[in-house]
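The residues making up each chain are set out below.
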Amino acid sequence: MPEVPLIPHELLDRYDRPGPRYTSYPPIPSWTADFGEPEYREALEDLGRRRGDPVALYFHLPFCVARCWYCGCNATVTRHDHVQEAYVGRIGREIGMICDALGERRGVAQVHWGGGTPNFLGPAAMERLAETLQRRFRVAPDAAVAIEIDPRVASVEQLGRLRALGFNRLSIGVQDFDPAVQAAIGRIQSEETVGELREAARDLGFRSVNFDLVYGLPAQTEASFARTLQRVVEMAPDRIACFGYAHVPWARPNQRRIEAAALPHRYTRFALFRRAVMTLTTAGYRWIGLDHFARPGDELTLALDGGTLRRNFMGYVADPPADLLAFGTSGIGEVDGRFVQNDAHLGRYQRAIDAGMLPIVRGHVLSGEDRVRRAAIERLLCTLELPYAWLAPLGSDEALARFRPFADEGFVRFDQDRLAVTATGRFFLRNLAMQLDAGATDVSPERFSRTV
Ligand code: SF4
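Model, not experiment: these values are computed from the prediction.

Asks: Before we move on, can you summarise the site of the ligand with the specific residues and values?
Replies: Around the ligand lies a shell of 13 residues, among which Cys-64, Cys-68, Tyr-70, Cys-71 and Arg-187 are the nearest. Tallied by class, residues from the shell around the ligand come to seven nonpolar, two polar and four charged.

Asks: Quick one: what's the story with the side chain of Arg-187, residue by residue and with numbers?
Replies: Of note, Arg-187 is situated in the loop between helix H6 (179-185) and helix H7 (191-204). With a relative accessible area of 8%, Arg-187 lands in the buried category.

Asks: Help me get a handle on the nonpolar core, residues and values and all.
Replies: Note that soluble globular proteins tend to have their nonpolar side chains buried in a common cluster. Within the largest apolar cluster, 119 residues are counted, with the highest numbers of intra-cluster contacts made by Tyr-40, Phe-59, Trp-113 and Leu-325. In terms of residue count, the dominant contributor to this core is helix H3 (residues 81-102) (nine residues). Split by domain, this core shows at least three residues from each of two domains, domain 1 (1-30 + 368-452) and domain 2 (31-365). Sequence-distant contacts of Trp-113, that is, excluding residues within four places in its chain, are made with Phe-59, Leu-61, Pro-118, Leu-121, Met-126, Leu-129, Ala-130, Leu-133, Ala-146, Ile-147, Glu-148 and Phe-167. One finds Cys-64, Cys-68, Ala-75 and Val-181 within the second-largest nonpolar core, a separate group that totals 12 residues.

Asks: An account of the pattern of salt bridges is requested, with residue identities and associated values reported.
Replies: Per the counting criterion, the structure on display carries 40 salt bridges. In this structure, Arg-106 and Glu-104 form a salt bridge, with 3.0 Å as the shortest nitrogen-oxygen distance. The class for Arg-106 is buried, based on a relative accessible area of 1%. On the accessibility criterion, Glu-104 (18% relative accessible area) is buried. Here Arg-239 and Glu-299 are joined by a salt bridge, their closest N and O atoms 3.4 Å apart. Here Arg-239 is found in strand S8 (residues 239-244), whereas its partner Glu-299 is found in helix H10 (residues 299-306), with 60 residues between them in sequence.

Asks: Lay out the domain arrangement of the protein chain in plain terms, naming residues and giving numbers.
Replies: For the protein chain, the assigned domains read domain 1 (1-30 + 368-452) and domain 2 (31-365). A separation of 25 Å is found between the C-alpha centroids of domain 1 and domain 2. Between domain 1 and domain 2, the residue contacts involve 35 residues of the former and 37 residues of the latter. When the area that domain 1 buries against domain 2 is broken down by residue, the three leading residues are Ile-28, Cys-382 and Arg-426, summing to 18%. Linking domain 1 to domain 2 there are five salt bridges. Taken together, the connections running from domain 1 to domain 2 amount to 20 residue pairs in polar contact (both at pLDDT 80 or more). Looking at the side of domain 1 that touches domain 2, the elements that each hand over two or more residues are helix H1 (9-15), helix H12 (368-383) and helix H15 (429-433). Its residues assigned to classes, the side of domain 1 that touches domain 2 comprises 19 nonpolar, five polar and 11 charged.

Each value, and the rule that gives it
Residues numbered from 1 in each chain as written. Predicted model: local features only at pLDDT ≥ 70, side-chain atom pairs only at ≥ 80, totals over all residues. Heavy atoms only, no water. Near = heavy atom within 4 Å. Nonpolar A, V, L, I, M, F, W, Y, C, P; charged D, E, K, R; others polar. Helix = DSSP H or I, 4+ residues; strand = E, 2+ residues; numbered from the N terminus. Buried < 20%, exposed > 50% of the residue type's maximum accessible area, 1.4 Å probe, protein only. Core = buried A, V, L, I, M, F, W, Y, C linked by side-chain atoms within 4.5 Å. Domains from an automatic or database assignment. Contact = heavy atoms within 4.5 Å. Salt bridge = Lys/Arg side-chain N within 4 Å of Asp/Glu carboxyl O. Buried area = accessible area lost by both parts, 1.4 Å probe. Polar contact = N/O pair within 3.5 Å; in protein donor to acceptor, adjacent residues only side chain to side chain.

In structure tokens form, the structure reads like this:
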């Protein structure tokens, strides 16, 4: 069990500031609209020439049964099956365009369906997408095939169908079991249903089940969150991701239904996360990176111990392929050293696909310096240490000088050959990662969530 220090409020006052989560470096707001469809096609052709390397696939399925008030995702409410079916048809065309550019039936090691609510797709649309995917790619028999699940539209029978379609990992959106919190975020769901789904997933042979929790929600108290955590531990998911709520009503109008005054104070918010760390590590979970927790045998823990844990757009991932092809609105990919994002607007996405175009709105070509900084940030966020040799291309002395004030603060130690994050510094990991950013990132509160 890691040491979980008390953190003085005065440190929270100083370091709770907006900052990237570094699921990419450079972060998305630094990417440019100069990178468009022609550049993406070029990247796909370059990837096509590198035959043999398997890829990862991400499918964004944005539809939901209702808009949760706290939601920060790219989501669209619909009650019409034909809207979803038409969308899946367009993803099929997008797959066709990308596979044609790659020029082969590419091998796939990881698949993720995210949203929105992927399990809100009707059975026929789901089968159609799964069939297209199997026909146009060679999904490895041992591939990790994951789907995000909203328990409000899930059933044991549906999990059986997902298993038959080849899914072997589930991520269930739990957020908080407390009824007052659920009422305050516009998402009422039953604790019993989550328990049943977790049991069913075990019986059906899903390899890993993740629960997503959120701290910093309105009406959350330390006592209420402690109870949620206790129930989560009893349900024994393989993994838990515990994210901080980002209140950005100017960017997400649905969040205007949440009163800023109902949000926990920063000290309470931090106490909620600290409570999660203590409860979950006491229950035998390993704390991984910023905000993930995994059981000792889970592949995320094995990846941490085996040196193959990575951080990408999916969060913390075990041994992902270097290239990620993304499909659907707002999908974010990485292809042959280039980042790329699809249009998040459903209408524009559809019109681009109908016109036979890849719906790219922005991207970024990684420079040599980007790669060095990115590797260093990822290493720090995954392993909590950074060998000095990794900073040599940036000029180690200069790069390390930025960490001196954090050593004085007790956040890092300068060991013989590496920088090591302390138990206190771990709570400020994003602030530390920001010291490896070239500084071009505009870290205004309009763009980024709070670091603590
Ligand atoms: S939180 Fe999930 S289910 Fe709720 S609106 Fe957002 S994407 Fe949909």
